[in-house]
Amino acid sequence: MTDISLDRSRHLPPVTVDRAPALVAGCALLGGFLAIAQLVDLRQAALFAVGALLGVALYHGSFGFTGGWRRMVVERRGRGIRAQMLMIGVAAVAMIPLISAGSLGGQPLVGALAPVGVSVLVGAALFGLGMQLGGGCGSGTLFTVGGGSARMLVTLAFFIVGALIGTAHLPWWLTLPSFGTIDLVRQLGTGAAILATLAGLGLVSLLTALVEQRAHGDVEREPAPSRRAWTWVLYGPWPLIGAGLLMALLNIATLLLAGHPWSVTFGFGLWGAKAAQVAGVPVADWAFWNWPGPQTALNSSVLTDVTSVMNFGIILGAASAASLTGKFAPKAKIPLGSVLAAAIGGLLMGYGARLSFGCNIGALFSGIASGSLHGWLWFAAAFVGSLAGIWMRPLFGLEGLARK
């Protein structure tokens, strides 16, 4: 009897599904897939489905860069960062050779490559600061919005505004000093680029383990599943490593389907530009929106934009996961300080992401996994900015570093 009660105590109770939100999210996913397949094509619909799976993985794994970095700084626990490094490494092993090949089955493949310069340095630092105030990174903002967070709706709204402002200013930032795009494959060759990338990721993981061992005397392990049998697959929570591995595979799938890796924040700038056009702002005259890619996106439906379609999928996938777990619970009452931090954080993230050619996904995850040196610069600068953000969080009534 004692053994049975102890076994029960370590498992979460059965879930109560939020039926109405689950039905709405499920219908939106099915309807969205069919509509995109009809209005665009089946490949675009498949990318919408990939986005939905990413939303499920992000939600069930609570896989955000923001919390993992903050936990390393505040608690000296690096399990989250090590899961991130593993995710990037698995993706890199497949993506670097694919991108190096240039195409597969007639589908051109390009990496998330960008210049190494002042723009990335400043933009990533601003992003790191903003994500600690906003409470989420690029992907984290999307999946928490899908999970019903009213606060993160504020972050997302100002994220979009910041991204739009960033498109207005980016041409000037690009006039500042830069080393240009540094592709490790071109510099070292495919095999050496993979080895160098894995060595860098392994070094980061080792450093977090050493810091954690020194602070606590041990290294935190993945906890055992908290639901009976395999019900955790449907209801969560998922192990961080499991969620990260699935996201690595889904990023590889994105590369194969779209011809480029997963990204998030270009969609925010596009949504802001389209809204600004409706309000009468002549964004079509801005230099950024006259570049070939952005111009095409601005003049087309958002359903033809890969990033936007995947973002919609992430939100709906997370909403489905939250609803099936019985945790879709929007909260309208948010402290003023928290709202202010969300607004400032969103603006900084949007602006910083545009300057640095992406966020934790487009620049860090996809950039490093593509063999682009700018991804490593982004990582370092964003982490420094994140330190400042963690220190500032208590000014807005949020948990952070204790300041004496």
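See the structure printed just above.
Structure report, in brief. Residue positions are counted from 1 within each chain, in the order its sequence is given. The predicted origin of the model limits local features to residues at a pLDDT of at least 70 and limits the giving and counting of side-chain atom pairs to 80 or more, whereas totals for whole chains, interfaces and linings rest on all residues. Side-chain figures throughout are based on the complete set of non-hydrogen atoms in the structure, without hydrogens or water.

1. Observations regarding unusual backbone geometry
Now for step 1: Notably, Ser62 is not glycine yet its phi reads approximately 45°, a positive angle.
Now for step 2: Put simply, DSSP H or I for four residues or longer makes a helix, DSSP E for two residues or longer makes a strand, and each gets a number counted from the N terminus. Along the chain, Ser62 falls in the loop between helix H3 (42–61) and helix H4 (65–75).
Now for step 3: We call a residue buried when its accessible area falls under 20% of the maximum for its residue type, exposed when it is over 50%, and partly exposed in between, using a 1.4 Å probe and counting protein chains only. Assessed through its relative accessible area of 55%, Ser62 is described here as exposed.
Now for step 4: Its identity is not glycine, yet Phe357 carries a phi of approximately 65°, on the positive side.
Now for step 5: Inspection of the secondary structure puts Phe357 in the loop between helix H16 (336–355) and helix H17 (360–369).

2. Thoughts on the packing of helix H6 (residues 118–134) against helix H18 (residues 373–392)
Now for step 1: Lines fitted to C-alpha atoms define the axes, with helix axes restricted to the stretch in contact, and inter-axis angles between N-to-C directions lie between 0 and 180 degrees. At a closest axis distance of 6 Å, the pairing of H6 and H18 adopts a crossing angle of 40°. With respect to H18, the element H6 is oriented oblique. Considering only the axes of H6 and H18, their crossing is right-handed. Contact residues: Val120, Leu121, Ala124, Ala125, Phe127, Gly128, Leu129, Met131, Gln132 and Leu133 in H6; His374, Leu377, Trp378, Ala381, Ala382, Gly385, Ser386, Ala388, Gly389, Ile390 and Met392 in H18.
Now for step 2: Residue classes in the contact of H6 with H18 are distributed as 15 nonpolar, six polar and no charged. Should an angle fall under 35 degrees it is called roughly parallel, over 145 degrees roughly antiparallel, and 65 to 115 degrees roughly perpendicular, with every other angle called oblique. Crossing handedness follows the turn of the near helix against the far one: under a right angle anticlockwise gives a left-handed crossing, and clockwise gives a right-handed one. Two residues qualify as a contact provided that any one of their heavy atoms is within 4.5 Å of a heavy atom in the partner residue. For this scheme, ten residues count as nonpolar: Ala, Val, Leu, Ile, Met, Phe, Trp, Tyr, Cys and Pro. Four count as charged, namely Asp, Glu, Lys and Arg, and the remainder, Gly too, count as polar.

3. Describing the packing of aromatic side chains
Now for step 1: Paired rings are identified among Phe, Tyr and Trp, the last through its six-membered ring, by centres lying within 6.5 Å, and are further divided according to the angle between planes into stacked (under 30 degrees), edge-to-face (over 60) and tilted (the rest). Per the counting criterion, the structure on display carries 16 aromatic pairs.
Now for step 2: Aromatic side chains Tyr59 and Phe143 sit 6.5 Å apart centroid to centroid with 85° between the ring planes, which places their arrangement in the edge-to-face category. Of this pair, Tyr59 sits in helix H3 while Phe143 sits in helix H7 (residues 138–146), and the two are 84 residues apart along the sequence.
Now for step 3: Overall, Phe143 belongs to the buried group, its relative accessible area being 8%.

4. Observations concerning the environment of Val56
Now for step 1: Inspection of the secondary structure puts Val56 in helix H3.
Now for step 2: Along the backbone, Val56 and Ile315 are 259 residues apart, and their C-alpha atoms lie at a distance of 9.0 Å.
Now for step 3: Discounting chain neighbours no more than four positions away, the residues touching Val56 are Trp238, Gly317, Ala318 and Ala321.

5. Points about a nonpolar patch on the surface
Now for step 1: Patch criteria: residues need more than 30% relative accessible area and no salt bridge. Like-charged residues are merged within 9 Å; nonpolar side chains of Val, Leu, Ile, Met, Phe, Trp and Tyr are merged within 5 Å. Accessible areas in this description were obtained via Shrake-Rupley with a 1.4 Å probe; residue shielding takes into account the shown protein chains only. Counted as salt bridges are all cases of a side-chain nitrogen of Lys or Arg within 4 Å of a carboxyl oxygen of Asp or Glu. A surface patch of nonpolar side chains, about 280 Å² in accessible area, is lined by Phe158, Val161, Ile165 and Leu347.
Now for step 2: A per-element tally of the nonpolar patch places helix H8 (residues 150–173) first, with three residues.
Now for step 3: Following the sequence through the fold, Val161 ends up in helix H8.

6. Focus: the pattern of salt bridges
Now for step 1: A complete count under the given rule lists seven salt bridges for this structure.
Now for step 2: For Arg79, the salt bridge is made with Glu220, and the minimal N-O distance between the two is 3.5 Å. Of this pair, Arg79 sits in helix H5 (residues 79–101) while Glu220 sits in the loop between helix H10 (190–216) and helix H11 (231–235), placing them 141 residues apart in sequence.
Now for step 3: Put simply, Arg79 and Glu222 hold a salt bridge, and the shortest N to O gap is 3.1 Å. Pair noted here: Arg79 is in helix H5 and Glu222 is in the loop between H10 and H11, with a separation of 143 residues, a long-range link.
Now for step 4: Each of Arg71, Glu75, Arg79, Glu220 and Glu222 takes part in one network of salt bridges that share partners.

This is a description of form; function is not addressed.
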